[in-house]
Amino acid sequence: MLRIVTVLQVIWDLRVFTQIFALQDAGGITSRTSTLGVYVYQVGVAQGRFDVGSAIAVVMVVIMLVASAAYVRQTLREEQP
């Protein structure tokens, strides 16, 4: 159950990039209200450090692929008689 919630929460955090980025520009503490997607953008694009932003994004994708593959494998094992 924890794995499912974690995968879905990370996917949701990546989907709400626009709202969080727009609200951070309106004012507020950006270090406390940032998600991983916004952080990758701030490091990669805003600071011009494309190598670091790309590395963070690739590591995030690999972690999500491993977590998703483990979940799918477990689900398929449970469905087999």
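No experiment lies behind these values; they were computed from the predicted model shown.

Student: Looking at this model, I keep getting lost on the overall build of the chain. Mind explaining?
Tutor: Looking only at helices and strands, one finds four helices and zero strands in the chain. Helices and strands appear in the chain in the N-to-C order α-α-α-α. Taking 12 Å as the expected radius of gyration for a compact globule of 81 residues, we find that the chain reaches 16 Å, considerably beyond that expectation. With respect to the principal axes defined by its C-alpha atoms, the chain has extents near 55 × 25 × 15 Å. Taken over 81 residues, the chain has a buried fraction of 16%. Expressed as a percentage of contacts within the chain between residues at least 6 apart in sequence, the contacts between residues at least 24 apart total 33%. Accessible area for the chain stands at about 6200 Å²; split by element, carbon and sulfur atoms hold 65% of it. Computed over 6 positive and 5 negative side-chain charges, the separation of the two mean positions in the chain equals 5 Å.

Student: Help me understand the environment of Asp13, please; the structure alone is not making it clear to me.
Tutor: Locating Asp13 in the fold gives a position in helix 1 (residues 2-15). For the pair Asp13 and Pro81, spaced 68 residues apart in the sequence, the C-alpha separation amounts to 36 Å.

Student: What is the right way to look at a nonpolar patch on the surface in this model?
Tutor: The grouping of Val58, Val62 and Val66 at the surface amounts to a nonpolar patch, some 260 Å² of accessible area in total. Considering the arrangement of structural elements, one finds Val58 in helix 4 (residues 50-79).

Student: Whenever I open this one, the environment of Ile11 confuses me. Can you help?
Tutor: Relative to the elements of secondary structure, Ile11 occurs in helix 1. By relative accessible area, which is 40% here, Ile11 ends up partly exposed. Each C-alpha atom, one on Ile11 and one on Tyr41, is 16 Å from the other, the two residues being 30 residues apart in sequence.

Student: How should I be thinking about the packing of helix 1 against helix 4 in this particular structure?
Tutor: Packed helix pairs are characterised by how far apart their axes lie and by the angle those axes make with each other. In the contact formed by helix 1 and helix 4, the axes pass within 10 Å of each other and the chain directions differ by 140 degrees. The orientation of helix 1 relative to helix 4 falls into the category oblique. Crossing handedness for the pair helix 1 and helix 4: left-handed. On helix 4, the residues touching Arg3, Ile4, Val7, Val10, Ile11 and Leu14 of helix 1 are Met60, Met64, Ala67, Ser68, Ala70, Tyr71 and Gln74. Taken together, the residues that form the contact of helix 1 with helix 4 break down as 10 nonpolar, two polar and one charged.

Student: Would you mind showing me how to read the UniProt feature "transmembrane region" (unreviewed entry) in the chain here?
Tutor: Here, the residues flagged by UniProt with the feature "transmembrane region" (unreviewed entry) are residues 52-72. Taken as a whole, residues 52-72 contains 100% helix and 0% strand, while its terminal C-alpha atoms sit 30 Å from one another.

About the cut-offs
- Residues numbered from 1 in each chain as written.
- Predicted model: local features only at pLDDT ≥ 70, side-chain atom pairs only at ≥ 80, totals over all residues.
- Heavy atoms only, no water.
- Helix = DSSP H or I, 4+ residues; strand = E, 2+ residues; numbered from the N terminus.
- Rg over C-alpha atoms; globule rule 2.2 N^0.38 Å.
- Buried < 20%, exposed > 50% of the residue type's maximum accessible area, 1.4 Å probe, protein only.
- Contact = heavy atoms within 4.5 Å.
- Areas by Shrake-Rupley, 256 points an atom, 1.4 Å probe, with all protein chains shown as cover.
- Lys, Arg positive; Asp, Glu negative; His and termini not counted.
- Charge placed at Lys NZ, Arg CZ, Asp CG, Glu CD.
- Patch = residues over 30% accessible without salt bridge, like charges linked within 9 Å, V, L, I, M, F, W, Y side chains within 5 Å.
- Salt bridge = Lys/Arg side-chain N within 4 Å of Asp/Glu carboxyl O.
- Axes fitted to C-alpha atoms, helices over the stretch in contact; angles between N-to-C directions.
- Parallel < 35°, antiparallel > 145°, perpendicular 65-115°, else oblique.
- Left-handed = near helix turned anticlockwise from the far one by under 90°.
- Nonpolar A, V, L, I, M, F, W, Y, C, P; charged D, E, K, R; others polar.
- UniProt positions renumbered as here; feature names shortened; annotations may be inferred.

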